[in-house]
Amino acid sequence: MECYTNNKKIVIAIDGFSSCGKSTFAKAIAARLGYIFIDTGAMYRSVTLYALEHGAIRSGIVNEDEIIRLLDNISISFRFNPMRGASDIYVNGDIVEGKIRTIEVSNFVSAVSSIRQVREKLVAIQKQMGASRGVVMDGRDIGTVVFPDAELKIYMTADAKVRAQRRYDELKAKGDDVSFDEILENVISRDHQDMNRTISPLRQAEDAIVLDNSYMTIEQQMEWFDREFLRVQNSLQ
Ligand code: DC
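Keep in mind the model is a prediction, meaning the values are calculated, not measured. (Residues numbered from 1 in each chain as written. Predicted model: local features only at pLDDT ≥ 70, side-chain atom pairs only at ≥ 80, totals over all residues. Heavy atoms only, no water.)

## A short note on the pattern of salt bridges
- The full count for this structure, using the stated rule, is 16 salt bridges.
- We note a salt bridge from Glu151 to Arg133, for which the minimum N-O separation is 3.1 Å. Residue Glu151 is found in the loop between helix H6 (142–146) and strand S9 (152–157), and its partner Arg133 is found in the loop between helix H5 (116–129) and strand S8 (135–139); the two are separated by 18 residues along the sequence.
- When the shortest N-O distance is used, the salt bridge between Asp194 and Arg197 registers 3.9 Å. Arg197 shares its class with Asp194; the two are buried.
- Within the structure, one salt-bridge network assembled from shared partners comprises Asp39, Arg84, Asp88, Glu97 and Arg101. (Salt bridge = Lys/Arg side-chain N within 4 Å of Asp/Glu carboxyl O. Helix = DSSP H or I, 4+ residues; strand = E, 2+ residues; numbered from the N terminus. Buried < 20%, exposed > 50% of the residue type's maximum accessible area, 1.4 Å probe, protein only.)

What follows is the structure, encoded as structure tokens:
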């Protein structure tokens with residue numbers, strides 16, 4: 001895309017509710033700009049998966065001390081997968097991309113991501129990954145905590161029922177046996193937990209612009225993005 005050459009590399013922070021298409025949008029932006037896309041939700045999900053697999057979450061009980069103790073054994077990395085046009089996430093060298101989006105992980109990830117030590121470890125890795133700029137990072141606290149100096153901050157939202165339907169379709173397509181009501185309940189409960197936790201709650205940064213994509217196609221979202229990106233680039237000239 002010609003209009004994107006010679007532009008200053010910036011950080012694009014995308015925060016918002018679960019299942020509102022942040023990753024799809026962020027991935028499309030990164031591909032268009034030749035930026036690195038980092039899905040920080042995948043990092044919290046990977047720690048949750050590790051906790052489940054190593055007995056730190058048992059019978060529905062999250063053992064915080066045990067998770068904190070396990071943190072030193074967890075090494076998270078991303079590797080670009082040309083087939084997907086995005087990076088896959090690895091824990092201790094093993095790919096976990098296919099295992100982190102189950103309803104079981106979704107049910108515990110908010111609790112795990114509210115542990116201070118978990119956030120400190122993951123935020124430090126995220127800051128390092130974006131240090132040379134040229135990244136699109138999506139999450140809950142990117143514009144407020146990880147990159148408060150991001151040049152472009154987007155706060156994404158969509159109607160809860162629309163979001164639940166999207167996640168339901170995704171899981172059904174993978175063959176998962178889930179009910180719509182179960183998914184809707186999970187979406188609403190995660191919204192509540194994400195906005196009300198003590199450390200780094202989900203909130204709109206003062207300088208973030210809102211994108212409500214309830215009834216927008218990805219093409220319409222990209223048109224919206226093009227305008228905002230050019231506005232930011234012009235302001236940096
Ligand atoms: O984006 P997602 O639904 O895959 O994120 C999974 C969970 O991780 C979500 O419930 C909140 C948490 N999260 C977070 O606390 N901070 C981030 N930067 C990203 C995700």
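## Quick look at the sheet that holds strand S10 (residues 209–212)
- Taken together, the five strands give an open sheet; going across it, the order is S2-S8-S1-S9-S10, and neighbouring strands pair in parallel fashion. Each having just a single partner strand, strand S2 (36–39) and S10 make up the two edges of the open sheet. Each strand axis lies, on average, 20° off the axis of its neighbour in the sheet, ignoring direction.
- Examined bridge by bridge, strand S1 (residues 11–16) and S9 share five bridges and lie parallel to one another. Looking at S9, one finds that Gly16 is bridged to Met156.
- The strands touched by helix H1 (residues 22–33) are S1, S2, S8, S9 and S10; relative to S1, the strand with the most contacts, the crossing angle is about 170°. (Pairing = 2+ DSSP bridges. Axes fitted to C-alpha atoms, helices over the stretch in contact; angles between N-to-C directions. Contact = heavy atoms within 4.5 Å.)

## A short note on the layout of surface pockets
- Estimated volume of the largest pocket: approximately 980 Å³.
- What lines the largest pocket is a set of 46 residues, among which Ser23, Asp39, Arg101, Arg167 and Glu170 lie closest to the centre.
- Among the residues making up the lining of the largest pocket, the classes are represented as 12 nonpolar, 15 polar and 19 charged. (1 Å grid on protein atoms, 1.4 Å probe; cavity = no way out; pocket = protein on both sides within 12 Å on 5 of 7 lines; lining within 4 Å. Points joined across faces, edges and corners; volume = space filled by probe spheres on them. Nonpolar A, V, L, I, M, F, W, Y, C, P; charged D, E, K, R; others polar.)

## A short note on helix H4 (residues 103–113)
- With respect to burial, H4 is a largely interior element, eight of its 11 residues being buried.
- When we look at burial in H4, the residues that qualify are Ile103, Val105, Ser106, Phe108, Val109, Ser110, Val112 and Ser113.

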